[in-house]
Amino acid sequence: MENVQPVSDSLVRARDLPWIPQGSANVWFKPLRINLRAGSWVNLLKVARSGVVNRHRHLSEVEGWVVQGRWHYLEHDWHAEPGAYVYEPPGDVHTLVADVTDAEPMLTLFAIHGPIEYVTETGDLAYVETAETKLKRYEDHCREHGIPLQPIVF
Ligand SMILES: [Fe+2]
C-alpha cells in the first residue's frame, strides 16, 4: 500500500481526556485518536438527554459500538443498544435520536473514516466536521480550560 506510514503502538486513557461540548446542548465528545493523514478520527459520543441530536451525512464509513444507553436514526428501523455494533455507509443521511435517562447518558464509541456534513431540517448544509476541525475543537477546549494536551494525533 502507498502512503501508509508506520506508527508506534499507543495507549490512550479516556479518563485523561475532557468531555468537549459538541454544538447542541447535552452532547459531548471525547477524542481518542485523530489521524490527520487519513482524515479520520475515533471518539466517544455522550448524549445526556433524549431527543433529536442532529442530522448528518457521512462522506466515508462510520463504525460504532454502543457502550451505554440507546439511540436510533429516524431514517432506519433499528434501535442500537449496549453491545451493538453499527455500520454506516458513505452517503447515508440520518437523524440521530437519543433514548436515554438522566441517570444513564448515551455513550457510543465511533470510528469516523472521513468528513461529516451536518445538515438542517430542510437539507441545507450547516457545517462540515473533519479531522482538522475535530482537532481544533479539542485544542481550543484544552487551552481555554488549562487542560494538558494528550498525544492523540497519530
Ligand atoms: Fe452517523
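Being a predicted model, the structure only gives us computed values, none of them experimental.

Participant: I would appreciate a short explanation of the environment of Leu96 in the present structure.
Facilitator: Tracing the backbone through its elements, the reader meets Leu96 in strand β9 (residues 93–99). Placed 83 residues apart in sequence, Leu96 and Arg13 show a C-alpha to C-alpha distance of 27 Å.

Participant: Is there a simple way to think about the nonpolar core in this case?
Facilitator: Soluble globular proteins tend to bury their nonpolar side chains together. Counting residues in hydrophobic clusters, the biggest one holds 14 residues, and the most contacted among them are Val47, Val53, Trp71, Leu96, Ala98, Val100 and Met106. Listed by contribution, the elements that provide at least two residues to this core are β2 (27–35), β3 (40–47) and β9. With near-sequence residues (within four places) excluded, Met106 lies in contact with Lys46, Val47, Gln68, Gly69, Arg70, Trp71, Ala98 and Val100. Among the nonpolar cores identified, the runner-up in size contains 7 residues, and Ile34, Trp41, Ile116 and Ala131 belong to it.

Participant: I keep staring at the sheet that holds strand β5 (residues 62–68) and nothing clicks. Help me out?
Facilitator: Hydrogen bonding along the main chain pairs the strands of a sheet, whether they run parallel or antiparallel. The antiparallel open sheet is built from 6 strands, whose spatial order is β1-β2-β3-β10-β5-β8. Of all the strands in the sheet, the pair left with one neighbour each is β1 (20–21) and β8 (85–88). Packing of helix α1 (residues 131–145) onto the sheet brings it into contact with β1, β2 and β3, and relative to β2 it is tilted by some 115°.

Participant: So what exactly am I meant to see when it comes to the UniProt feature "domain: ChrR-like cupin" (unreviewed entry) in the protein chain here?
Facilitator: Per the UniProt record, the feature "domain: ChrR-like cupin" (unreviewed entry) sits at residues 9–116. Segment residues 9–116 splits into 0% helix and 55% strand. End C-alpha atoms: 27 Å apart.

Calculation rules
Residues numbered from 1 in each chain as written. Predicted model: local features only at pLDDT ≥ 70, side-chain atom pairs only at ≥ 80, totals over all residues. Helix = DSSP H or I, 4+ residues; strand = E, 2+ residues; numbered from the N terminus. Core = buried A, V, L, I, M, F, W, Y, C linked by C-beta atoms within 7 Å. Buried ≥ 20, exposed ≤ 12 C-beta atoms within 10 Å, placed from the backbone. Contact = placed C-beta atoms within 7 Å. Pairing = 2+ DSSP bridges. Axes fitted to C-alpha atoms, helices over the stretch in contact; angles between N-to-C directions. UniProt positions renumbered as here; feature names shortened; annotations may be inferred.

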